[in-house]
Amino acid sequence: MKQANAAQTSQRATSVRIALLLAVLAAAVFAGTIVLQSFGQHP
Amino acid sequence: VDIPLRGSEAVPHEDHPTGIRRWLTSTNHKDIGTLYLCFSFAMFIVGGIMALTIRAELFQPGLQVVQPEFFNQLTTLHGLIMLFGAFMPAFVGFANWQIPLMIGAPDMAFPRLNNFSFWLLPPAAILLVGSLFAPGGATGAGWTLYPPLSVQMGPGMDMAIFAIHILGVSSIIGSINIATTILNMRAPGMTLMKMPMFVWTWLVTAYMIIFVMPALAGAVTMLLTDRHFDTHFFNAAGGGDPVLFQHIFWFFGHPEVYILVLPTFGIVSQVIPTFARKRLYGYRSMVAATCAIAVISCAVWAHHMFTVGMPVGGQLAFMYASLLVAIPTGVKVFNWTATMWEGSLSFETPMLFAIGFLFVFVCGGITGVILAIVPVDVQLQDTYYIIAHFHYTMVAASLFGMYAGTYYWLPKWTGHMYDETLGRWHFWLSMIFFNITFFPMHFLGLAGMPRRIPDYPLQFADFNMIATIGAFGFGLSQLLFLYAVVKCVRGGRPASARVWDGAEGLEWTLPSPVPHHTFQTPPVVT
């Protein structure tokens, strides 16, 4: 039982890590789009 | 993929809330899948009514039904609602229902997040449709929202921007959930290369959404700050550049086409082997083609902008890259055909829609190759040829694929067989009326009729009349689908666990209808 719970917790932690990684990628694309666009301006 | 199965029986009935609480607070992937599918069909009807109003106006030259400003609002909202409100949520609905069942997972990786990503949709839909009642009406800038027009629109534009933000957040959260589920929740023994093609196509789609949707969010955020905070991202007078918006938009917009069609590829890759009673031909090349399409589709965006002005080198690069997409797509079409070759074919409704998909998708693909050629594109830019092309790829291909999937899995979901006669009527009427609607638009486009106009010269009258008659036939045919689904949900011949004799995969090891909780003990795939 303990082993099963530990496996579930470990799977959960891996899920969170994958999700965070993907969320960071999405946030980077969002921020990168705006930052790159700002560099493209001709003041 | 050969998957001998063991230990995949469902667990006994457990907590199953009823009434409104079941739907509002549900974290069950099946319930949330149903919510997604119902919501998307409702939005499909709303977007469809807008399309029929557009076609009613275009039935004859002159202005009969709506004013030009409202016509522009209708074309804009029709596009936005169909893409973000109907098609994308529908595929997420399929993913919610099917992915855990197909990979042997008890639920999605983040069930509460799953509930949240669905319930973001209704407020966004209200914002989008409600913008029609804003002062000045909804945005009429076209679904592409190009500045400077979109910067000059009224508050309806802001509502559309917020709606896109919310829909984008929902899509990204949903995609993160789906990708995580696929990567981390598969049953023991189910390696990546043993996954069903529908799961593969959704994994790639989820990556694409996570990669390109934030770019659109960035673009509309800059649009918002240009409108209200005196930034000049897209204002040439302030040092900005409206063409840059087009680049960002299409960096999202072109992959979006594949986001909407890859899950269809997955559905069709499940349906055709079942009704051909053969394994999918070239599984590995199908996976490779899916990945290749995703990568190439992120490098072809400027083919939407050949007339904007770009160096010849740029035109050539984007033209060749666009033509390149035809290779992995051709691999898929070849493999589906090879799967059917010498198969023991039967033509139930899912198979009819899958073959119908193949036909219309190849038609749309061929016009896509034609449009990728720069000199041709320059002539046909913003004509009805474009409308015909993308409706062949998106409406018929995506929609027919979704219908194939619905009829295929509906007995598994509801526990009843649908009415086969109704399904066949739905298919044939949809196929015939779809072509009556959109095939003449090729001729209209070649003759020079521009898109997004409520009135047109007399020489375009006949084909427009035919297209409008087809559109109303197509629209009404979809009510047959609604009737068939409702009838199936309410009753019908009981469905067996393995509904189709050629069906393979974990979902068919479960009873029909699928119990509320499944695979709490993971099955072993060997």
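To be clear, the structure that these remarks concern was listed above.
Let me begin by describing the structure that accompanies this report. No experiment lies behind these values; they were computed from the predicted model shown.

Rules used in this analysis
- Residues numbered from 1 in each chain as written.
- Chains lettered and ligands numbered in written order.
- Predicted model: local features only at pLDDT ≥ 70, side-chain atom pairs only at ≥ 80, totals over all residues.
- Heavy atoms only, no water.
- Axes fitted to C-alpha atoms, helices over the stretch in contact; angles between N-to-C directions.
- Helix = DSSP H or I, 4+ residues; strand = E, 2+ residues; numbered from the N terminus.
- Parallel < 35°, antiparallel > 145°, perpendicular 65-115°, else oblique.
- Left-handed = near helix turned anticlockwise from the far one by under 90°.
- Nonpolar A, V, L, I, M, F, W, Y, C, P; charged D, E, K, R; others polar.
- 1 Å grid on protein atoms, 1.4 Å probe; cavity = no way out; pocket = protein on both sides within 12 Å on 5 of 7 lines; lining within 4 Å.
- Points joined across faces, edges and corners; volume = space filled by probe spheres on them.
- Contact = heavy atoms within 4.5 Å.
- Buried area = accessible area lost by both parts, 1.4 Å probe.
- Salt bridge = Lys/Arg side-chain N within 4 Å of Asp/Glu carboxyl O.
- Polar contact = N/O pair within 3.5 Å; in protein donor to acceptor, adjacent residues only side chain to side chain.
- Buried < 20%, exposed > 50% of the residue type's maximum accessible area, 1.4 Å probe, protein only.
- Phe/Tyr/Trp six-rings, centres within 6.5 Å; stacked < 30°, edge-to-face > 60°.
- Patch = residues over 30% accessible without salt bridge, like charges linked within 9 Å, V, L, I, M, F, W, Y side chains within 5 Å.
- Areas by Shrake-Rupley, 256 points an atom, 1.4 Å probe, with all protein chains shown as cover.

Overview of the packing of helix α8 (residues 197-228) of chain B against helix α9 (residues 242-276) of chain B
Residue and element names in this part refer to chain B. At their nearest, the axes of α8 and α9 sit 8 Å apart, and the two run at 160 degrees to each other. Relative to α9, the element α8 is oriented roughly antiparallel. When you trace α8 past α9, the crossing you get is left-handed. Considering only residue class, the contact of α8 with α9 consists of 26 nonpolar, five polar and one charged.

Looking at empty space enclosed by the protein
All names here are of chain B. Going through the model one piece at a time under the given rule, you end up with two cavities of 30 Å³ or more. Taken as a whole, the largest cavity encloses approximately 70 Å³ of empty space. Around the largest cavity sit Tyr36, Phe84, Met88, Pro89, Val92, Leu121, Leu167, Ser170, Ser171 and Gly174, which together line it. When contributions to the lining of the largest cavity are tallied by element, the ones reaching two or more residues are α3 (68-103) and α7 (155-184). Here the lining of the largest cavity is composed, by residue class, of seven nonpolar, three polar and no charged. Of the voids in this model, the second largest cavity is the one considered here, and its volume is about 50 Å³. Around the second largest cavity, the lining residues are Met88, Phe91, Val92, Ser171, Trp202, Thr205, Ile209, Ile259 and Leu260.

Section: the interface of chain B and chain A
Each partner contributes to the interface: chain B provides 28 residues, whereas chain A provides 19 residues. Taken over both partners, the interface formed by chain B and chain A buries close to 1,900 Å², and the fraction arising from carbon and sulfur atoms is 69%. There are zero salt bridges connecting chain B and chain A. At the junction of chain B and chain A, the tally comes to three residue pairs in polar contact (both at pLDDT 80 or more). Secondary-structure elements contributing two or more residues to the side of chain B that touches chain A are α7, α8 and α9 of chain B. Considering every element that reaches the side of chain B that touches chain A, the biggest residue donor is α8 of chain B, with 10 residues. For the side of chain B that touches chain A, the class distribution of residues is 20 nonpolar, seven polar and one charged.

Side note on the pattern of salt bridges
Residues and elements named next belong to chain B. Per the counting criterion, the structure on display carries six salt bridges over all chains. The residue aspartate 382 makes a salt bridge to arginine 451 at a minimum N-O spacing of 3.7 Å. On the criterion of sequence distance, the pair formed by aspartate 382 in the loop between α14 (374-380) and α15 (384-414) and arginine 451 in the loop between α16 (420-446) and α17 (461-490) is long-range, its members being 69 residues apart. Residue classification places aspartate 382 among the partly exposed residues on the basis of a relative accessible area of 37%. Looking at arginine 451, the relative accessible area reads 16%, which means it is buried.

Focus: the packing of aromatic side chains
Residues and elements named next belong to chain B. Going through the model one piece at a time under the given rule, you end up with 49 aromatic pairs over all chains. Ring geometry for tyrosine 403 and phenylalanine 481: centres 4.5 Å apart, planes at 50 degrees, overall tilted. Of this pair, tyrosine 403 sits in helix α15 while phenylalanine 481 sits in helix α17, placing them 78 residues apart in sequence. Comparing tyrosine 403 with phenylalanine 481 shows no difference in burial state: the two are buried.

Focus on a nonpolar patch on the surface
All names here are of chain B. On the surface, Phe439, Phe443, Leu446, Phe463 and Ile466 cluster together to form a nonpolar patch covering roughly 450 Å² of accessible area. Elements with a contribution of two residues or more to the nonpolar patch: α16 and α17. In terms of residues, the nonpolar patch owes the most to one element, α16, which gives three residues. Relative to the assigned elements, phenylalanine 463 resides in helix α17.

With respect to the environment of valine 300 of chain B
Residues and elements named next belong to chain B. Within the element layout of this structure, valine 300 appears in the loop between α10 (283-297) and α11 (312-324). Once the C-alpha coordinates of valine 300 and alanine 109 are considered, the two residues, 191 residues apart in sequence, prove to be 33 Å apart. With residues up to four places along the chain from it excluded, the contact list for valine 300 reads His254, Phe318, Ala321, Ser322 and Val325.

Focus: unusual backbone geometry
Residues and elements named next belong to chain B. Here the amide bond leading from proline 147 into proline 148 is cis, since omega sits at 10 degrees, within 30 degrees of zero. Within the secondary structure, proline 148 sits in the loop between α5 (121-130) and α6 (149-152). Residue proline 513 is reached from serine 512 by a cis peptide bond, and omega for that bond is -5 degrees. Although it is not a glycine, arginine 452 adopts a positive phi angle of roughly 60 degrees. With a relative accessible area of 30%, arginine 452 lands in the partly exposed category. In this model, phenylalanine 519 sits at a positive phi of 50 degrees, which is unusual for a non-glycine residue. Along the polypeptide, phenylalanine 519 turns up in the loop between α17 and β2 (524-525).

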